[in-house]
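Structural features, examined
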Amino acid sequence: MTHRYLPHTPADIDRMLARCGVSRLEDLYSDVPEELLFKGEYDLPSEMSERRVRDFFNELGSANRQLVCFAGNGFYDHDTPAAVSSIISRSEFLTAYTPYQPEISQGTLQYIFEYQTMMCRLTGLDVSNASMYDGTTATAEAMMMAVAHARKRNRVLVSATMRQGVTDVVATYARYHGVTIDIIPEKEGITDREALATMLAEGNVAGVIVAQRNRYGIIEDYTGYAELCKGAKALLIMNCIASDLAVLKTPAEWGADVAVGDAQSLGMPLSFGGPYLGFICCTNALIRKLPGRIVGQTKDSEGRRVFVLTLQAREQHIRREKATSNICSNQGLMALFVTVYLSLTGAEGLRRINAQGTNGAHYLARQLTSTGKVVLTYPDRPFLNEFCITTTAPAAEIIRVAMQQGILAGVALDEHRMTVAVTELQSKEDMDRLTEIVKAL
């Protein structure tokens, strides 16, 4: 089909109006008071031909600079297999959205079920929702889960090694829900465990939120954290990078009650800022506090495998003031995207992708430090594909100069610190070019 969208013809409109029992489009608004109706002319540009519209948007798109991306900080420039875009653009997926009628929504319900299954396998936890807008709001929703679970306790502790954007969103949610956020200090790039123990002992803590990996790219050791939280009757919430879970200890293995984060690293293009996909997985004990949709598997009257929405007394169906979440819609297409991506890459593919990024990051770290202009901020801390450097030149200046040469060098944390990330998309030549730029400053 050449045209993806064909507007209604005058005859189509006449038939629809006749079915509605009116003769004009204006009659559909007859209950709107006359004084509220707009009577001026709309300030709209003149129409364009289809070819001109395409040219117009191509011209707009050409203004976007395609840079070699070493920026990370929670969002990473991964490859998207061509098959993913082809599959998710099929009309049956593009048009399937709200799965409230299971008898006509089995395809949509099945891929949501498969998505949930894959996320549970990545995190090691019992149940997954489907899904949230992004990783930051998913973390904020998990904070609200902890408070709802604790009932009378409204204090949540957030590690200082959490990415700042996540902490800011959590704090915004907390402010308008009467939740107190306290920051657990960091020590040499990781969460200060002794400080956490002291803060938990002070009481009134509903949940503890930590990052794996953290804002510096460091893989933290959370041994004993679950026991500390359990002793204080607080939930342990772990914010994760989804692709890392193919090679790191899972949140369940750390003893976390809830795992949250963004699934963008599972092949989603950065797209200048989205759309992305937040995930929440939790233990069975918390399933009734879990926001978003949950699809379950059952059998119909003839014994066939079928899928349905489960635990539907949720925000879509109950009074607002009793809702557990403000999420009333899932990222259906993005959940499908992740499902297709994981189906194609598999566990071994994810491990190889992680290995490529890790090998590249360690190579680049060695090259940058060899210039004498950079040192690893935390040289003794383990990292995968992202690391923090301290620079002699201002971090913003490195980023500015590199951008002029077609490279997005990283994310500045402060005047002389920045994080740099490597995925399977940056070549050795790209890393050597970045090294030469830093060397010349």
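These lines cover the structure that appears in this document, whether it is placed above or below. Predicted model only: the values in this text are computed from it and were never measured. (Residues numbered from 1 in each chain as written. Predicted model: local features only at pLDDT ≥ 70, side-chain atom pairs only at ≥ 80, totals over all residues. Heavy atoms only, no water.)

Moving on to a nonpolar patch on the surface. Taken together, Leu25, Leu28, Tyr29 and Leu37 make up a surface patch of nonpolar side chains, about 380 Å² in accessible area. Inspection of the secondary structure puts Leu37 in the loop between α1 (10-20) and α2 (50-62). (Patch = residues over 30% accessible without salt bridge, like charges linked within 9 Å, V, L, I, M, F, W, Y side chains within 5 Å. Areas by Shrake-Rupley, 256 points an atom, 1.4 Å probe, with all protein chains shown as cover. Salt bridge = Lys/Arg side-chain N within 4 Å of Asp/Glu carboxyl O. Helix = DSSP H or I, 4+ residues; strand = E, 2+ residues; numbered from the N terminus.)

If you walk across this open sheet you meet the seven strands as β2-β10-β9-β8-β7-β3-β4, and the pairing is mixed. If you trace the sheet from one side to the other, it starts and ends with β2 (127-128) and β4 (180-184), each paired once. Strand direction decides the pairing type here: strand β3 (residues 155-159) and strand β7 (residues 205-212), joined by four bridges, are parallel. Bridging from a neighbouring strand, Val156 pairs with Gly207 of β7. Here helix α7 (residues 164-175) sits on the sheet in contact with β3, β4, β7 and β8 (235-241), set at roughly 155° to β4. (Pairing = 2+ DSSP bridges. Contact = heavy atoms within 4.5 Å. Axes fitted to C-alpha atoms, helices over the stretch in contact; angles between N-to-C directions.)

A few words now on the pairing of strand β9 (residues 258-262). Burial within β9 is extensive, with five of its five residues counted as buried. As judged from the five bridges shared by β8 and β9, these two strands associate in the parallel manner. Looking at the pairing, Cys240 lines up with Gly261 of β9. Direction of pairing for β9 relative to strand β10 (residues 278-282): antiparallel, over a ladder of five bridges. Note that in β10 the partner of Gly261 across the bridge is Phe279. (Buried < 20%, exposed > 50% of the residue type's maximum accessible area, 1.4 Å probe, protein only.)

Once that is clear, we can look at the packing of helix α6 (residues 135-150) against α7. Closest axis-to-axis distance for the α6/α7 pair is 8 Å, and the angle between their directions is 45°. By the angle between their axes, α6 is oblique relative to α7. Note on packing geometry: the crossing formed by α6 with α7 is right-handed. Side by side, α6 and α7 meet where Thr136, Thr137, Thr139, Ala140, Glu141, Met143 and Met144 of the first sit next to Gly165, Val166, Val169, Val170, Tyr173 and Ala174 of the second. Per-class residue counts for the contact of α6 with α7 are eight nonpolar, four polar and one charged. (Parallel < 35°, antiparallel > 145°, perpendicular 65-115°, else oblique. Left-handed = near helix turned anticlockwise from the far one by under 90°. Nonpolar A, V, L, I, M, F, W, Y, C, P; charged D, E, K, R; others polar.)

Centre distance and the angle of the planes are the two values used to describe a pair of aromatic rings. For the structure on display, the rule yields eight aromatic pairs. An angle of 80° between the planes, with centres 5.2 Å apart, marks the rings of Phe56 and Phe57 as edge-to-face. Accessibility expressed as a relative area gives 32% for Phe56, which makes it partly exposed. Using a relative accessible area of 52% as the deciding quantity, one classes Phe57 as exposed. Among the aromatic side chains, those forming a connected cluster through ring pairs are Tyr222, Tyr225 and Trp254. (Phe/Tyr/Trp six-rings, centres within 6.5 Å; stacked < 30°, edge-to-face > 60°.)

Strands sit in the order β13-β14-β17-β16 across an open sheet of four strands; the sheet is antiparallel. Unpaired on one side and paired on the other, β13 (374-376) and β16 (411-414) mark the two borders of the sheet. Each strand axis lies, on average, 35° off the axis of its neighbour in the sheet, ignoring direction. As judged from the five bridges shared by strand β14 (residues 386-391) and strand β17 (residues 417-421), these two strands associate in the antiparallel manner. Among the inter-strand pairings, Glu386 is bridged to a residue of β17, identified as Ala421.

Another point: the packing of helix α5 (residues 106-123) against helix α11 (residues 332-369). Contact geometry for α5 and α11: axes closest at 9 Å, N-to-C directions at 50°. Comparing the axis directions of α5 and α11 gives the class oblique. When you trace α5 past α11, the crossing you get is left-handed. Facing Tyr111, Glu114, Tyr115, Met118, Met119 and Leu122 of α5, the residues of α11 in contact are Gly332, Leu333, Ala335, Leu336, Val338, Thr339, Leu342, Ser343 and Leu350.

You can see His8 is positioned in the segment before α1. Here His8 falls in the exposed class, since its relative accessible area comes to 52%. In sequence terms His8 and Asp27 are 19 residues apart; their C-alpha atoms lie 18 Å from each other. Setting aside residues up to four positions removed in sequence, His8 forms contacts with Ile13 and Met16.

Attention now goes to the layout of surface pockets. Considering only enclosed or pocket space, the largest pocket measures out at about 390 Å³ in volume. Surrounding the largest pocket, 15 residues form its lining, Cys69, Leu270, Ser271, Phe272 and Leu408 being those nearest its centre. Class assignment for the residues of the lining of the largest pocket results in nine nonpolar, four polar and two charged. (1 Å grid on protein atoms, 1.4 Å probe; cavity = no way out; pocket = protein on both sides within 12 Å on 5 of 7 lines; lining within 4 Å. Points joined across faces, edges and corners; volume = space filled by probe spheres on them.)

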